[in-house]
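Here is how the chains run, residue by residue.
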Amino acid sequence: MKIGLFGGTFNPVHLGHLRAAVEVREGFELDEIYLIPAALPPHKATGEVAAPDDRLNMLNLALGTAGGLKVSDVELKRSGPSYTIDTVAHFKRTLPAESSLFLIMGLDAFLEIDTWKSYRELLALIPFIVINRPHADSRAAGGPWKLLADYLATELAADYSFSASRSAYLARGRQPIYVWEVTALDISSTRIRRAISENRPIDYWVPTKVAEYIRTKGIYR
Ligand code: ATP
């Protein structure tokens, strides 16, 4: 089985997350992708974060019966803040030994990887799939992948080299970092929360059922 792990705050889940997951699953022929909401996001202010149960419910509503995408509450069940290294260890422990795991994240998230707990171990432990994200792209003069190349060379200081045939950065002692172009959807949870607080519509940024849930429960107002 080939399994993708896609963590995030999902505050709330939106079509940018969902479309990216569908395209990565298709592109890498993954059997399943787990969307994993974080408990106390170590890198984000916690004031604006909806209750764990609400974020989980919205993910379940968003996925419905969509094939191959699942929700995992492993980080919400663990005490304390969520660290990806612990989550990867959990899946390695609990999935059948022959499973291959991939860690999926947007470019904006990857560009902060050097602030993550045990990031060097993480880069050695599991292959990454880094996807483009419009707002991260627009910052970059040479496009999103130039930003990634520069970051790998300067911040991570490992001798990564790009393999065009594998569409991945490779380095001795590290797992590959695959780059994957998904449909650029300039949607973020921040934008959605802001629209709600300003009484503007969020339709078609999130699945209909998620918009209804947010409205009914009065979240983010
Ligand atoms: P916020 O605006 O609150 O920071 P967000 O929209 O970035 O939230 P997260 O839950 O933090 O959403 O993101 C989880 C993962 O999904 C991250 O790896 C992020 O890069 C990726 N991601 C989020 N939005 C998109 C998008 N529109 N396209 C591609 N990847 C995305």
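Please refer to the structure higher up on the page.
Residues numbered from 1 in each chain as written. Predicted model: local features only at pLDDT ≥ 70, side-chain atom pairs only at ≥ 80, totals over all residues. Heavy atoms only, no water.

So, on to the overall build of the protein chain. Secondary structure summary: the protein chain contains 10 helices and 8 strands in total. Its C-alpha atoms give the protein chain a radius of gyration of 17 Å, within 12% of the compact-globule value 17 Å for 221 residues. The burial tally for the protein chain puts 49% of its 221 residues in the buried class. Within the protein chain, contacts between residues separated by at least 24 positions form 70% of all contacts whose residues are at least 6 apart in sequence. Carbon together with sulfur atoms contributes 50% to the accessible area of the protein chain, which is approximately 11000 Å² in total. In the protein chain, 26 positive and 25 negative side-chain charges are present, and the distance between their average locations comes to 2 Å. (Helix = DSSP H or I, 4+ residues; strand = E, 2+ residues; numbered from the N terminus. Rg over C-alpha atoms; globule rule 2.2 N^0.38 Å. Buried < 20%, exposed > 50% of the residue type's maximum accessible area, 1.4 Å probe, protein only. Contact = heavy atoms within 4.5 Å. Areas by Shrake-Rupley, 256 points an atom, 1.4 Å probe, with all protein chains shown as cover. Lys, Arg positive; Asp, Glu negative; His and termini not counted. Charge placed at Lys NZ, Arg CZ, Asp CG, Glu CD.)

The subject of this paragraph is the pairing of strand S8 (residues 177-180). Strand direction decides the pairing type here: strand S5 (residues 128-131) and S8, joined by 4 bridges, are parallel. Residue Ile131 lies in a different strand from S8, and its bridge partner there is Trp180. With 2 bridges joining them, strand S7 (residues 168-170) and S8 adopt antiparallel strand pairing. Counted as the bridge partner of Tyr169 is Ile177 from S8. (Pairing = 2+ DSSP bridges.)

Looking now at the pairing of strand S1 (residues 2-8). Examined bridge by bridge, S1 and strand S4 (residues 100-106) share 5 bridges and lie parallel to one another. Its bridge partner lying in S4, Lys2 is registered against Ser100.

One pass over the structure, following the stated rule, counts 10 salt bridges. Between Asp73 and Lys77 there is a salt bridge, and its shortest N-O distance comes to 3.6 Å. Owing to a relative accessible area of 28%, Asp73 belongs among the partly exposed residues under this scheme. Lys146 is paired through a salt bridge with Asp150; the nearest N and O atoms lie 2.7 Å apart. One end of the pair is Lys146 and the other is Asp150, both in helix H8 (residues 144-154) and 4 residues apart, which spans about a single turn. By relative accessible area, Lys146 is classed as partly exposed at 43%. Overall, the relative accessible area of 35% leaves Asp150 in the partly exposed class. (Salt bridge = Lys/Arg side-chain N within 4 Å of Asp/Glu carboxyl O.)

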